[in-house]
Amino acid sequence: MDGRAIYFDGQTNRKHDVVLRIADRIEIVEQEAVVAHWPLADVRRADGPPTALLRLACASALPLARLEVEDEATKQAIVSHCPSLAAGRGDGSQIARIVFWSLAAACSIFGLAAYGVPAVADRLVPFVPQAWENQVGEMVDRQIRFLVGGNACGTADGQAALAALVGKLKSAGGIENAHEPLVVSSKIPNAFALPGGKIYVLDGLLEKAQSPDELAGVLAHELGHVKHRDGIRKIIHDGGTSFLIGLLFGDVTGAGAVLFAGRSLLDASYSRDAERDADAFASQTMRLRGRPAAPLGELLLRLPGAQAKGSLGMLASHPLTQERLEALKKNQGAVTGAALLSDGEWRALKRICRP
C-alpha cells in the first residue's frame, strides 16, 4: 500500500513530503523518485514527545533520519509489516551518545570562544595592515552613526579648540594615525575610538566635563586604544566569538557576526588589560604635558546618574573600577605644565554643538 508521511533525511532539518510504498520494504518516494528505502526488519519506533504521530527511525539509515506518519491506515500497515518496531525501545544508548557528543561539541565551541579566540586575536592584530584597519573603521562608522542617533556638529572656534587639545595629546603620546575627534550631538555621555583612529566625542560628555583636564583624560584614554589597536582586536575577538556561537545555533554564514562586532565597540567594555593599558597611556600622556590624570576618574564618577539615559554611556564601554581609580591617582605626576586650553577656548569647546 501507499501512504503519506513527513521525511527527515538526517542531513538537514528540512521537511520532505513523501509517499511510503510498503511491501517487502518501505520505499520513501519524493516526486516519483525513490530517495531511500528502509528494510522492514530495521524499522524502529523513535523516541519523542507523546503525540498522535508515529515517529520512525531505521537501524540501517542515518542516525537522525526520521519518518513521521499521521494517517491511521498507514500507521496500521507499518505496525503490521515491521516485526521489530519495538526493538530497542527504552534503550537510550543511541540518544545518550547523541547528547554526549552534542554537549562535547558545544563545550568545545564555548572553550574556543573563551580562550582560543582571544589568543588568536592578540596574535593576529600585528599582522593586520593599517590600510585594512582603516577600511574596517570606515565600514563600522556608518553603523555607529545610526546607533548613536545624532548629527555631527561643530562651531569654528570650538573645532579649533578641540584640534589644539588633541594635537597636544597626540604629540605627547607619539600618535600619528589618529584623526581629529568628531563631535556628535547626543545626550549620551560617551567617547570611543574606531579601528583606524577615528574618535567620537558625544556632546553629552562635553556637558558633563568640568575642566579641560577631564576631557583631555578621556581623549588620552581613547588615543591609548588607538595606539594599542584595541578596536580591531575587539572586532576580531567579538566577531570570531559571534561566528562560533552562530555556528552552534545554525548561523553558519556568520552574518550576525558583522553586526555584533560593530555594536560591541559601543556597548561592551574592553578587556580589563586593555582598559588598564589605555589608562596607563593616558596617565603617561598627561604627565608628559604636566597635567594630572585623576580628573579622568573624577569625571567617570559623576556619570552614573546620566548612565540610566542610555546603554551606550561611558560607564558601559569603560567601566570604572576602584583599581582603575587608584591607579590613575597613583600614576599621575606633579602639575607642572600650563593649562591645556585657555578659558576662552574651553568655553568655545563646551558650546561646540550650541552656537
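Preceding this paragraph is the structure being described.
Read on for an overview of the structure. Predicted model, so just to flag it, every value in this text is computed and none were measured.

Here we take up the overall build of the chain. The helix and strand inventory of the chain stands at 14 helices and 10 strands. Looking at the chain as a whole, 45% of its 355 residues qualify as buried. A separation threshold of at least 6 residues defines the contact pool for the chain, and within that pool the share at least 24 residues apart is 64%. When the accessible surface of the chain is summed, it comes to about 17900 Å², and 57% of that surface belongs to carbon and sulfur atoms.

Checked against the element boundaries, Lys198 lands in the loop between β9 (191–193) and β10 (199–202). Not counting the four nearest positions on each side in its chain, Lys198 is found in contact with Glu138, Asp141, His179, Phe192 and Ala193.

On to the pattern of salt bridges. On inspection of all chains with the given rule, the structure shows nine salt bridges. For the salt bridge of Arg229 with Glu133, the shortest nitrogen-to-oxygen distance reads 2.7 Å. Of the two residues, Arg229 sits in the loop between α6 (212–228) and α7 (230–248) while Glu133 sits in helix α3 (residues 130–148), which places them 96 residues apart along the sequence. Using a relative accessible area of 16% as the deciding quantity, one classes Arg229 as buried. Here Glu133 falls in the buried class, since its relative accessible area comes to 3%. Of the charged contacts, one joins Arg291 and Asp213 as a salt bridge, the two residues approaching to 2.7 Å between their closest N and O atoms. In this pair, Arg291 sits in the loop between α9 (272–288) and α10 (294–301) while Asp213 sits in helix α6, placing the two residues 78 residues apart along the sequence.

Analysis parameters
Residues numbered from 1 in each chain as written. Predicted model: local features only at pLDDT ≥ 70, side-chain atom pairs only at ≥ 80, totals over all residues. Heavy atoms only, no water. Helix = DSSP H or I, 4+ residues; strand = E, 2+ residues; numbered from the N terminus. Buried < 20%, exposed > 50% of the residue type's maximum accessible area, 1.4 Å probe, protein only. Contact = heavy atoms within 4.5 Å. Areas by Shrake-Rupley, 256 points an atom, 1.4 Å probe, with all protein chains shown as cover. Salt bridge = Lys/Arg side-chain N within 4 Å of Asp/Glu carboxyl O.

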